[in-house]
2 protein chains.
Amino acid sequence: MTVSDLPIERLSIHQVTLMQCDFRESIECFARHGVHQTAIWRDKLNEIGLDEAVRILQDNDMTVNALCPGGLLTEIDDKSFNAALDLNRRWIDQSAALGADSLVIITGGLADGETNLAAARDRALEGFFRLIDPARAVGIRLAVEPLHPMVCGGRSVISTVANALDLLDDLGADDVFGLAVDSYAVWWDLALSDQLARAGARLLHFHASDWLRDTKDVRFDRGMPGDGMIDNRQIRGWMEKAGFSGPVEVEIFSRDHWWQHPADEVVRTIVDRRATHL
Amino acid sequence: MTVSDLPIERLSIHQVTLMQCDFRESIECFARHGVHQTAIWRDKLNEIGLDEAVRILQDNDMTVNALCPGGLLTEIDDKSFNAALDLNRRWIDQSAALGADSLVIITGGLADGETNLAAARDRALEGFFRLIDPARAVGIRLAVEPLHPMVCGGRSVISTVANALDLLDDLGADDVFGLAVDSYAVWWDLALSDQLARAGARLLHFHASDWLRDTKDVRFDRGMPGDGMIDNRQIRGWMEKAGFSGPVEVEIFSRDHWWQHPADEVVRTIVDRRATHL
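What counts and what doesn't
Residues numbered from 1 in each chain as written. Chains lettered and ligands numbered in written order. Predicted model: local features only at pLDDT ≥ 70, side-chain atom pairs only at ≥ 80, totals over all residues. Helix = DSSP H or I, 4+ residues; strand = E, 2+ residues; numbered from the N terminus. Buried ≥ 20, exposed ≤ 12 C-beta atoms within 10 Å, placed from the backbone. Contact = placed C-beta atoms within 7 Å. Nonpolar A, V, L, I, M, F, W, Y, C, P; charged D, E, K, R; others polar. Pairing = 2+ DSSP bridges. Right-handed = clockwise from strand over helix to strand, strands pointing away. Axes fitted to C-alpha atoms, helices over the stretch in contact; angles between N-to-C directions. Parallel < 35°, antiparallel > 145°, perpendicular 65-115°, else oblique. Left-handed = near helix turned anticlockwise from the far one by under 90°. Least-squares fit on C-alpha atoms with pLDDT ≥ 70 in both. Expected span 1.5 Å × (residues − 1).

> Would you explain the overall build of chain A in this entry?
Counting its secondary structure elements, chain A contains eleven helices and eight strands. Seen through its C-alpha atoms, chain A measures out along the principal axes to roughly 45 × 45 × 35 Å. Looking at the 278 residues of chain A, the share that counts as buried comes to 51%. At a minimum sequence separation of 6, the contacts of chain A that also span at least 24 residues come to 78%.

Printed below as a string of structure tokens:
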């Protein structure tokens, strides 16, 4: 399978990739290197507030693919569960104000001491149901993102594209829900190409980074595309064969390496790798 | 689903759980606590040699479930691939000499710089084919073990029970091949119960440990059953519903915790947890 080169217009860089920057610095850095798409990290948004964020995005001609992460709806007691729903309604409205296509949602993990994945999955399903009307009202898609099995229990009980599609089938609201596929989370799955074909029009987002052979942390040691074991271009090809034509959003959590480098060097490296590894 | 308590006669402890012991110390410690089944770790066997190992096992009335790990058959160049095959033939013969039921095999990972999982999987498939005759000749089963996706690429390109069963289907030799299911590797899979049902009589081994919420290492930070997020008893129940009646082999890689504790304390804890968490 030959996959065409990725034009710069389809390159997006997730704000979390520049954790060393504040909101404004990250957006200005992307723009300085000709990248005009991003995904917004909630913590960074909270630092400066919605109005200021919107101004910075407009000043830099920046398109927002998504706000991340929402969901986290596996609380057991009603009070906490309802509080989490309220937060999600707020994040949906924020997504709309940012001009984003989607709020990316993850299920949340197991409660303390809990070992029942199916029960946690059912609580998230119930929570996601309750977000259908608020999302429809403002035209925001909810993109369910499977996370890597090594964070199952802590952050998400949905670990494969197949698991996520089963959840979408149960939700039965494909005008609202879709899928965010992060290559780092699912690259190991020998069934991936089949499941991406099954996903079809439900493919809303593609996040890319790389798996390092000597991975030192289960959350914060992702690699730059090209430095590890993931064939991101092949996965993009499978997505495109299934109908996807959206941006490639590079999203690198790298506490001890890339988050310690100058932002311009990080973004320049990503732009360079576009030609060879995205 | 109610799952019956596990009798001590069905408890096995994998030798790797006592990495702080030499071969003899580990076997004697198991026997001292009434545990008379184990799985042998190759490195420990190599320390003392086959004849001495067999004597120690007989002296302690110890049944050997399996020798681990074999396989590792993803080498690209013919010379290395053939050398790996030779090693496996030797491990098969050693398994027979130990009176083991199986050699547990993992595929091996990607070559340096390689990003093609399907190609690595095909090389392992070819290697496994070549082991059919040697295994049949001595009556040793080859138990394919999926490893956790976080070691995909480094140790195994088979990460789910479904992936492993597809491989067994391709091998078409169910008198030789079967499955070793390690709860640590596959607990996160929402399709697990269905896939164990699909496996049926191919379920040869069940390894148990626990997933710690604050996992600090991708290979060597496993927990004691009961200390984490895995419902080992439920998974055993699914195995038994599919026809499995073999031992529960507790296998804990824990470099900074359990490998630093006195062996008797580790084994006593496992025996205690049998009543509540296995």
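Continuing now.
> Help me out: how do you make sense of the interface of chain A and chain B in this one?
The accessible area lost on association of the parts is a frequent measure of interface size. Listed per partner, the contact involves 25 residues of chain A and 25 residues of chain B. Where the side of chain A that touches chain B is concerned, the elements lending two or more residues are helix H5 (117–130) and helix H7 (161–171) of chain A. Across the side of chain A that touches chain B, the residue classes break down as 13 nonpolar, eight polar and four charged.

> Looking at this structure, I do not really get the pairing of strand E4 (residues 102–106) of chain A. What am I missing?
Along any regular strand the residues' side chains alternate between the sheet's two faces. All names here are of chain A. The buried count for E4 comes to five of five residues, which makes it a mostly enclosed element. Side chains Ser-102, Val-104 and Ile-106 project from E4 onto one buried face, and the interleaved Leu-103 and Ile-105 project onto a second face that is buried too. With four bridges connecting them, strand E3 (residues 63–71) and E4 associate as parallel partners. Bridged to Gly-71 within E4 is Ile-106. Each parallel crossover has a hand, and for E3 linked through helix H4 (residues 78–97) to E4 it is right-handed. Sheet topology note: the E4/strand E5 (residues 141–144) ladder contains four bridges and is parallel.

> Mind showing me how you'd approach the environment of Lys79(A) here?
Residue and element names in this part refer to chain A. Considering the arrangement of structural elements, one finds Lys-79 in helix H4. You can call Lys-79 exposed: it has 8 C-beta atoms within 10 Å. Placed 35 residues apart in sequence, Lys-79 and Lys-44 show a C-alpha to C-alpha distance of 27 Å.

> What exactly am I supposed to notice about the packing of helix H1 (residues 23–32) of chain B against helix H11 (residues 263–277) of chain B here?
Relative placement of two packed helices is described by the angle separating their axes and the distance separating the axes. All names here are of chain B. Between H1 and H11, the shortest axis-to-axis distance is 10 Å and the interhelical angle comes to 40°. Comparing the axis directions of H1 and H11 gives the class oblique. Regarding H1 and H11, the two cross each other, and that crossing is right-handed. Across the interface between the two elements, Glu-25, Cys-29 and Phe-30 from H1 touch Ala-263, Asp-264 and Val-267 from H11. When its residues are assigned to classes, the contact of H1 with H11 shows four nonpolar, no polar and two charged.

> Which parts of the structure should I look at to understand helix H10 (residues 232–241) of chain B?
Quick reminder: α-helices carry 3.6 residues per turn. Residues three or four places apart thus point the same way. All names here are of chain B. Residues Asn-232, Arg-233, Ile-235, Arg-236, Trp-238 and Met-239 constitute the buried set of H10. Among the structural elements, strand E6 (177–182), helix H8 (183–186), helix H9 (192–199), strand E7 (203–208), strand E8 (248–250) and H11 are those in contact with the buried residues of H10. In the segment just after H10, Gly-243 is the residue with positive phi, at about 115°.

> Whenever I open this one, the relation of the copies chain A and chain B confuses me. Can you help?
Copy one and copy two of the chain differ by a rotation about an axis and a translation along that axis. When chain A is fitted to chain B, the best match, at an RMSD of 0.0 Å, comes from turning it 180° and sliding it 0.0 Å along the axis. Taken together, these values place the two copies in the relation of a two-fold axis.

> I keep staring at the sheet that holds strand E8 (residues 248–250) of chain A and nothing clicks. Help me out?
Sheet strands associate in pairs through backbone hydrogen bonding, adopting either a parallel or an antiparallel arrangement. All names here are of chain A. Taken together, the eight strands give a closed barrel; going around it, the order is E1-E2-E3-E4-E5-E6-E7-E8, and neighbouring strands pair in parallel fashion. Within this sheet the neighbouring strands show an average axis-to-axis angle of 30°, counted without direction. Looking at chain direction, strand E2 (residues 37–41) and E3 are connected through five bridges and run parallel. Following the sheet pairing, Trp-41 is matched in E3 by Cys-68.

> How should helix H11 (residues 263–277) of chain A be read in this particular structure?
Residue and element names in this part refer to chain A. Along its 15 residues, H11 runs 20 Å from first to last C-alpha, staying within 8% of the 21 Å computed at 1.5 Å per residue. Among the residues making up H11, those that are buried are Ala-263, Val-266, Val-267, Ile-270, Arg-273 and His-277. Buried-residue contacts for H11 involve strand E1 (11–14), helix H1 (23–32), helix H10 (232–241) and E8.

> What is the right way to look at the sheet that holds strand E2 (residues 37–41) of chain B in this model?
Residues and elements named next belong to chain B. Strand order in the closed barrel formed by eight strands is E1-E2-E3-E4-E5-E6-E7-E8, with parallel pairing between adjacent strands. Neighbour-to-neighbour, the strand axes of the sheet open up by a mean angle of 30°, direction not taken into account. In this fold H10 packs onto E6, E7 and E8, with an angle of close to 175° to the strand it touches most, E7.

> Can you help me understand unusual backbone geometry in this one?
Backbone geometry follows two general trends: most residues other than glycine have a negative phi, and most peptide bonds adopt the trans configuration. Cys68(A) connects to Pro69(A) through a cis peptide bond whose omega is -20°. For Pro69(A), the location among the structural elements is in strand E3. A positive phi angle, close to 50°, is found at Asp61(B), a residue other than glycine. Examined against the element boundaries, Asp61(B) turns out to sit in the loop between helix H3 (50–59) and strand E3 (63–71). Classification of Asp61(B) by C-beta neighbours within 10 Å gives exposed; the count is 9. Phi at Leu72(B) is positive, roughly 55°, even though this residue is not glycine.

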